[in-house]
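Given next are the chains, with one letter for each unit.
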Amino acid sequence: MADGETGGKEAVKETRKGAGKGGALTRRGLLVGIGAAGGAGAMYAAMGALGLAPTGQDKEFTPPREGDFTLRGKASASVVILGAGVAGLTAAYELGKAGYDCTLLEARPKAGGRNLTLRGGDRVTELNGPAQDVTFGEGVYFNAGPGRIAPWMVTLDYCRELGVPIETFVNSNAAAYVHVNGKTMRARTARADMYGYVAELLAKATDTGALDRTLTRDDKERLLEFLRRFGDLGPRLDYTGSDRRGFAEWPAVGAGTPLDGPGTLRQVLAAGTGRAITNDFGFEQATPMFQPVGGMDAIVTALQKAVGTDRIKTGAKVTKITTMDDGVEVAYTGGVMKADYCIATLPPHILARIPHNLGPQVTSALAKPTPVAAGKIGLEYATRWWEREDRIYGGVTETDLDITHIWYPSHDYHAERGLLVGYYNTGPEAELYGALSPEDRRRRALTQGKKIHGEKYRQNVLSSASVAWHRQEHIEGGWVRWPAFDSSFTLLQRPAGRVYFAGDWLTHLIAWQAGAMESARAVVTKLHQRVLQSP
Ligand code: PHE
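All of these numbers come straight from a predicted model, not from anything done at the bench.

## Focus: the sheet that holds strand 15 (residues 327-332)
In spatial order, the strands read 14-15-16; together these three strands make up an open sheet with antiparallel pairing. Looking at the sheet topology across the chains shown, the edges are occupied by strand 14 (318-324) and strand 16 (335-339). Going across the sheet, the axis of each strand differs from the next one's by a mean of 15 degrees, ignoring polarity. Pairing analysis gives six bridges linking strand 14 to strand 15, with the strands arranged antiparallel. Each residue of the ladder has a partner; that of Thr322, found in strand 15, is Glu329.

## Structural notes on the sheet that holds strand 25 (residues 499-501)
Read across the sheet, five strands follow the order 13-2-1-17-25 without closing on themselves; strand pairing throughout is parallel. A single partner strand is all that each edge strand has here, and the edge strands are strand 13 (312-314) and strand 25. Shown here is a sheet whose adjacent strand axes are inclined to one another by a mean of 20 degrees, direction ignored. Helix-sheet contacts for helix 3 (residues 86-97) involve strand 1 (78-82), strand 2 (101-106), strand 13 and strand 17 (341-344), and the interaxial angle to strand 2 is about 170 degrees.

## Comments concerning helix 6 (residues 217-231)
Between its first and last C-alpha, helix 6 extends 21 Å over 15 residues, near the 21 Å set by a 1.5 Å rise per residue. For helix 6, the complete set of buried residues consists of Lys220, Leu224, Leu227 and Gly231. Buried residues along helix 6 cover an arc of 65 degrees about the axis, so they all sit on one side. Exposed residues on helix 6 whose side chains face more than 90 degrees from its buried face are Glu221, Arg222 and Arg229. Of the surrounding secondary structure, the elements contacted by the buried residues of helix 6 are helix 5 (187-207). Looking at the residues trailing helix 6, positive phi occurs at Asp232, about 55 degrees.

## Structural notes on the pairing of strand 17
Burial of strand 17 is two-sided: the residues Tyr341 and Ile343 facing one way and the residues Cys342 and Ala344 facing the other way are all buried. The pairing of strand 1 with strand 17 spans four bridges and is parallel. The residue of strand 17 that forms the bridge with Ile81 is Ile343. Strand direction decides the pairing type here: strand 17 and strand 25, joined by three bridges, are parallel. Counted as the bridge partner of Ala344 is Phe501 from strand 25.

## Re the pairing of strand 22 (residues 418-426)
For strand 22, the buried fraction is high: nine of the nine residues fall into the buried class. Where strand 19 (residues 374-381) lies against strand 22, eight bridges are found, and the strand directions are antiparallel. Looking at strand 22, one finds that Lys376 is bridged to Tyr424.

## So, the nonpolar core
Counting residues in each nonpolar core, the largest one holds 105 residues, and the members touching the most others are Leu82, Tyr100, Leu118, Ile343 and Phe501. Among the elements that make up this core, the one with the highest residue count is helix 16 (residues 513-533) (nine residues). Setting aside its immediate chain neighbours within four residues, Ile343 contacts Val79, Val80, Ile81, Leu82, Ala91, Leu95, Tyr500, Ala502, Val523, Val524 and Leu527.

## Thoughts on the packing of helix 3 against helix 4 (residues 154-162)
Between helix 3 and helix 4, whose axes approach to 13 Å, the crossing angle comes to 55 degrees. Put simply, helix 3 runs oblique to helix 4. Judged by the sense of rotation from one axis to the other, the crossing of helix 3 with helix 4 is left-handed. Taken together, the residues of helix 4 that come into contact with helix 3 (itself represented by Thr90, Tyr93, Glu94 and Lys97) are Tyr158, Glu161 and Leu162. Here the residues of the contact of helix 3 with helix 4 are counted per class, giving three nonpolar, one polar and three charged.

## Looking at the environment of Leu419
With respect to the helices, strands and loops of the structure, Leu419 is situated in strand 22. Separated by 44 residues in sequence, Leu419 and Ser463 place their C-alpha atoms 9.2 Å apart. In this structure Leu419 touches Phe136, Val140, Tyr141, Phe142, Gly378, Leu379, Glu380, Trp386 and Pro409, once residues within four positions along its chain are discounted.

## Considering the packing of aromatic side chains
A complete count under the given rule lists 18 aromatic pairs for this structure. On the basis of an interplanar angle of 20 degrees and a centroid distance of 5.3 Å, the ring pair of Phe226 and Phe230 is categorised as stacked. Taken together, the residues span about one helical turn, with Phe226 and Phe230 both in helix 6 at a distance of four residues. Overall, Phe230 belongs to the partly exposed group, its relative accessible area being 29%.

## Quick look at helix 9 (residues 298-307)
Looking only at helix 9, the buried set comprises Ile299, Val300, Ala302, Leu303, Gln304 and Val307. Each element contacted by the buried residues of helix 9 is listed here: helix 3, strand 2, helix 4, strand 12 (289-292), strand 13 and helix 16. Of the residues one or two after helix 9, Gly308 is the one with positive phi, at around 105 degrees.

## Quick look at the pattern of salt bridges
Side-chain pairing between opposite charges can occur once the charged atoms of the two side chains come close. The tally for this structure, following the rule as stated, stands at 26 salt bridges. Among the ionic pairs, Glu225 bridges to Arg229, the shortest N-O distance being 2.8 Å. Of this pair, Glu225 and Arg229 both sit in helix 6, four residues apart, which is roughly one turn of the helix. Two residues, Asp486 and Lys368, come together in a salt bridge whose shortest N-O distance is 3.9 Å. Here Lys368 lies in the loop between helix 11 (360-366) and strand 18 (370-372) and Asp486 lies in the loop between strand 24 (479-481) and helix 15 (487-492), a separation of 118 residues in the sequence. Salt bridges here are not isolated pairs; linked through shared partners, they connect Glu94, Lys97 and Glu161.

About the thresholds
- Residues numbered from 1 in each chain as written.
- Predicted model: local features only at pLDDT ≥ 70, side-chain atom pairs only at ≥ 80, totals over all residues.
- Heavy atoms only, no water.
- Pairing = 2+ DSSP bridges.
- Helix = DSSP H or I, 4+ residues; strand = E, 2+ residues; numbered from the N terminus.
- Axes fitted to C-alpha atoms, helices over the stretch in contact; angles between N-to-C directions.
- Contact = heavy atoms within 4.5 Å.
- Expected span 1.5 Å × (residues − 1).
- Buried < 20%, exposed > 50% of the residue type's maximum accessible area, 1.4 Å probe, protein only.
- Arc of directions from axis to C-beta.
- Core = buried A, V, L, I, M, F, W, Y, C linked by side-chain atoms within 4.5 Å.
- Parallel < 35°, antiparallel > 145°, perpendicular 65-115°, else oblique.
- Left-handed = near helix turned anticlockwise from the far one by under 90°.
- Nonpolar A, V, L, I, M, F, W, Y, C, P; charged D, E, K, R; others polar.
- Phe/Tyr/Trp six-rings, centres within 6.5 Å; stacked < 30°, edge-to-face > 60°.
- Salt bridge = Lys/Arg side-chain N within 4 Å of Asp/Glu carboxyl O.

The following block contains the structure:
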């Protein structure tokens, strides 16, 4: 993902720096009293399971813990949740544990929102575009939305709690390619050369005394020792290549044939591999990452089951939201619903179009975040040539082409067929592909991928399916970008009357399921506190 594509990333970082210390303190505070609270939580969960949802309000309230999250205390209010994506489902799941009566209104034909896994037999419709019938073979799937989970994210806590098995998602793979400025090389080669030359420059500057004002004699020694390792430098601190770059023929009985190269410093700098080889440096992208076994929608399936499918009304498009002194009224295609509270989890640009009485400040705040286009194509092949021939087992090829990335599957290795993600792009590139017909998207993706993998990339393609998220009905975007995390952002983190807002778009984890889940947890905590305090 190119810098800045996720929207206000610098702003996110700034905020995070500030929040770091306070966050740690709060977390410590939350951990106090886990033992004491455990019993009550278990009891209410058991009561819920037995259908003994409590009817009275329990005035005692203990804030939720990190990870295993349970609202403390019981309540009996009704809540209408708009949207059955990850935020809506998480809210319903947590409120359900505490005894609330939740109903979810979902405009799309099925729950999950952007957590969408496509399989043979599925049909993808699109705004202003033709429908696609997915014809993948048995066992083949395509995570068209979220595809990877970092270990620190709460998403994994839900996988654990709901019994969704996970497996490693290979985000960083030295054997994957880097394709920049028309040249293709293995990530391992690009890394070895950049690290090598950077180490050489710094080592020589250190050795010749250019940094003597900054470094003591001991510092210099230690730094040089590290740089030798970092760049695999020679005795005279030169980078002259390294077997880290890889081999034309791997060592076996013989010593192998090293790759040609490296190029000169100037050539290596001109290759411009910088972004492509630092992509996994970020705390969101660092290895290892994870995915649910069998498809990302295992999370949706498990949440739906826990919530109760009978609580989810699909095909229910919200047409009006009215907050009142004693409750909320939501009109939708198919009826009107009344509830004590409402949690609106629709994307802000969709919510903004729905008539409401939540006030002009809410209206103007909802207009601030703008949708970011995003798209993916799944290409199904008759053979897993990337494993057999390229020896690529999972991971991502980074490119400066309009396809941006190619993802190789991190599951079902050595199976007969396989599916790779032929493009995953955002912004203008996603709009470009989104405007094409499904056949043209595939044709273009194959033409681009061929520049990396050669003619075989266009052979043995069995089928494909693509999703342009900005053209998905009731979603209309991959995610959103806030021009700033300002007072509009914080305003919507608070309820407007009896209506609460939730979604990844209200967090600093935009474009992650963890954002949707964290937002849902924050909102149900606030709602629950209010219910327990109300007479
Ligand atoms: N979560 C998305 C992904 O992993 C989008 C994203 C990318 C968000 C990079 C933040 C950083 O591709």
